[in-house]
Amino acid sequence: MRAERPEADDLRDAVVVFDSLRPRLFGIAYRMLGSAVEAEDVVQDAWVRWQTTDRSAVLDAAAFLSTVTTRLAVNVATSARKRRETYVGPWLPEPVDTGADPAVGAERGEALDFAVLLLLERLKPTERAAYVLREAFDYSYREIAAVIGSSEANARQLARRARTYIAGERRSHVGADEHRRLLDKFITAARTGDLAALEALLASDAASYSDGGGVRGASRIPVLGRSRVARYIVAFQPRFWPGTHTRWVEANGRTCALITRGRHVIALLSVDAGADGIGRLLWVLNPSKLNGFSSLA
């Protein structure tokens, strides 16, 4: 029997190391891009780099692969910004089922929340990278500087700028139980077309974003303001809700409503809620973004 070549042993070791780090690499890329598909592509590209690099010269595999993944994600984020300018209607992040795959949210929860991912999309890719590495993965500023190829002072400034922006734009959110209660009450009111109940649940500056990607008949512009959002929900009630079922799922670390009709997932609804009520309704209707939940229908 022929002995295995040293190269085969080396490749097997490379696979073991990479697979142990894969959840973190995916977590970085997904938080950077808001797309599971794009994040998987980045992780695959990182694997190719890992295969072809001189691994004997790598002192810290985790640091090397995190750097490669982040830089690849920065490049993708730069090109994605241009693509999303032509996206039909509002663009929302692709939800991930953290109930089925808790490894995605195993690190600190920052930058996984749906509303935060949406805000990150508005930042420059390097600001996004600094925020994700600092807030979600607790990297030091020295480590962040090495990853993004900047000075430590600049890394600190990028992270601070991103943190300040997100803190200023995001409402203080309620706890998990209150979040679930508000979402439950909203679903009940939306199903029955109860205008008064909807207005009572919504914050004065409420906004509804529907991501259909041009595939489904979703609103192509955000609906803004409590009364407009409430009337909009009531108006589409007869067309949307009959024949549907709702089940609770955990997406991006939060309870969300998965809406199905027959054996088809038609929407995932996430809400961003504060002490003043529901501030954002985030409807993902684009079928390509719901593949991760299709088995739950």
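Cut-offs applied
Residues numbered from 1 in each chain as written. Predicted model: local features only at pLDDT ≥ 70, side-chain atom pairs only at ≥ 80, totals over all residues. Heavy atoms only, no water. Helix = DSSP H or I, 4+ residues; strand = E, 2+ residues; numbered from the N terminus. Rg over C-alpha atoms; globule rule 2.2 N^0.38 Å. Buried < 20%, exposed > 50% of the residue type's maximum accessible area, 1.4 Å probe, protein only. Areas by Shrake-Rupley, 256 points an atom, 1.4 Å probe, with all protein chains shown as cover. Pairing = 2+ DSSP bridges. Contact = heavy atoms within 4.5 Å. Axes fitted to C-alpha atoms, helices over the stretch in contact; angles between N-to-C directions. Expected span 1.5 Å × (residues − 1). Core = buried A, V, L, I, M, F, W, Y, C linked by side-chain atoms within 4.5 Å. Polar contact = N/O pair within 3.5 Å; in protein donor to acceptor, adjacent residues only side chain to side chain.

Trainee: Break down the overall build of the protein chain for me, with residues and values.
Mentor: Each helix and strand in the protein chain was counted, giving 10 helices and 6 strands. Scaling as 2.2 N^0.38, a compact globule of 297 residues should have a C-alpha radius of gyration of about 19 Å, and the protein chain matches this with 21 Å. For the protein chain, the C-alpha atoms occupy an extent of roughly 70 × 55 × 35 Å along the three principal directions. The buried share of the protein chain, reckoned over its 297 residues, is 49%. Carbon and sulfur atoms make up 51% of the accessible area of the protein chain, which amounts to about 14,300 Å² in all.

Trainee: Describe the sheet that holds strand β6 (residues 277-284), and please don't skip the residues or the numbers.
Mentor: Taken together, 6 strands build an open sheet; the order of strands is β2-β1-β6-β5-β4-β3 and the sheet is mixed. At either margin of the open sheet sits one strand with a lone partner, and together these are β2 (223-224) and β3 (244-251). Note: strand β4 (residues 254-261) against strand β5 (residues 264-274), 5 bridges, orientation antiparallel. Within β5, the position partnered with A257 by the bridge is L269. Contacts from helix α8 (residues 176-192) reach β3, β4, β5 and β6 within the one sheet, and its direction differs from that of β3 by about 160°. Sheet strands in contact with helix α10 (residues 226-240) are β1 (202-211), β2, β3, β4, β5 and β6, and its direction is about 45° off that of β1.

Trainee: Lay out α10 with the relevant residues and their values.
Mentor: End to end, α10 covers 20 Å across 15 residues, agreeing with the expected 21 Å (1.5 Å per residue, within 8%). Those residues of α10 that fall on the buried side of the exposure criterion are V229, A230, I233, F236, Q237 and F240.

Trainee: So what about the nonpolar core? Which residues, and what values?
Mentor: One finds F18, Y30, M32, L120 and I144 to be the most contacted residues of the largest nonpolar core, which totals 50 residues. Contributing elements (two or more residues each) for this core: α1 (6-33), α2 (36-52), α3 (61-84), α4 (114-120), α5 (125-136), α6 (141-148) and α7 (152-169). At 10 residues, α1 tops the list of elements feeding residues into this core. In this view, Y30 contacts S35, A36, A39, E94, P95, V96, L112, L117 and N252; residues no more than four positions away in its chain are not counted. Within the second largest apolar cluster, 30 residues are counted, among which are L182, L202, A273 and L285.

Trainee: Which residues make up the environment of P242, and what are the values?
Mentor: Inspection of the secondary structure puts P242 in the loop between α10 and β3. You can call P242 partly exposed: its relative accessible area is 48%. Counting along the chain gives 154 residues from P242 to V88, while the straight-line C-alpha distance between them is 26 Å. If we skip the residues at most four places from it in the chain, P242 touches Q237 and R261.

Trainee: I'd like to hear about the pairing of β1, residue by residue, with values.
Mentor: The buried fraction of β1 is high, at 8 of 10 residues. In this structure, β1 lies alongside β6, joined through 6 bridges in parallel fashion. When the sheet's bridge partners are listed, D211 is paired in β6 with V284. Of the pairings in the sheet, the one linking β1 to β2 comprises 2 bridges and is antiparallel in character. Looking at β2, one finds that A207 is bridged to L224.

Trainee: An account of α2 is requested, with residue identities and associated values reported.
Mentor: Taking 1.5 Å per residue as the helical rise, α2 with its 17 residues ought to reach 24 Å, and the 25 Å between its terminal C-alpha atoms agrees with that figure. Those residues of α2 that fall on the buried side of the exposure criterion are A36, E38, A39, V42, V43, A46, W47 and W50. The distance from a side-chain oxygen at the start of α2 to the backbone nitrogen of V37 is 3.5 Å, and the residue carrying that oxygen is S35.

Trainee: Please provide a residue-by-residue account of the environment of A189, values included.
Mentor: Within the element layout of this structure, A189 appears in helix α8. In the structure, A189 is positioned 34 residues away from V223 in sequence and 18 Å away in space, judged by C-alpha atoms. With residues up to four places along the chain from it excluded, the contact list for A189 reads D194, A197, L198 and L201.

Nothing here speaks to function; it is all geometry.
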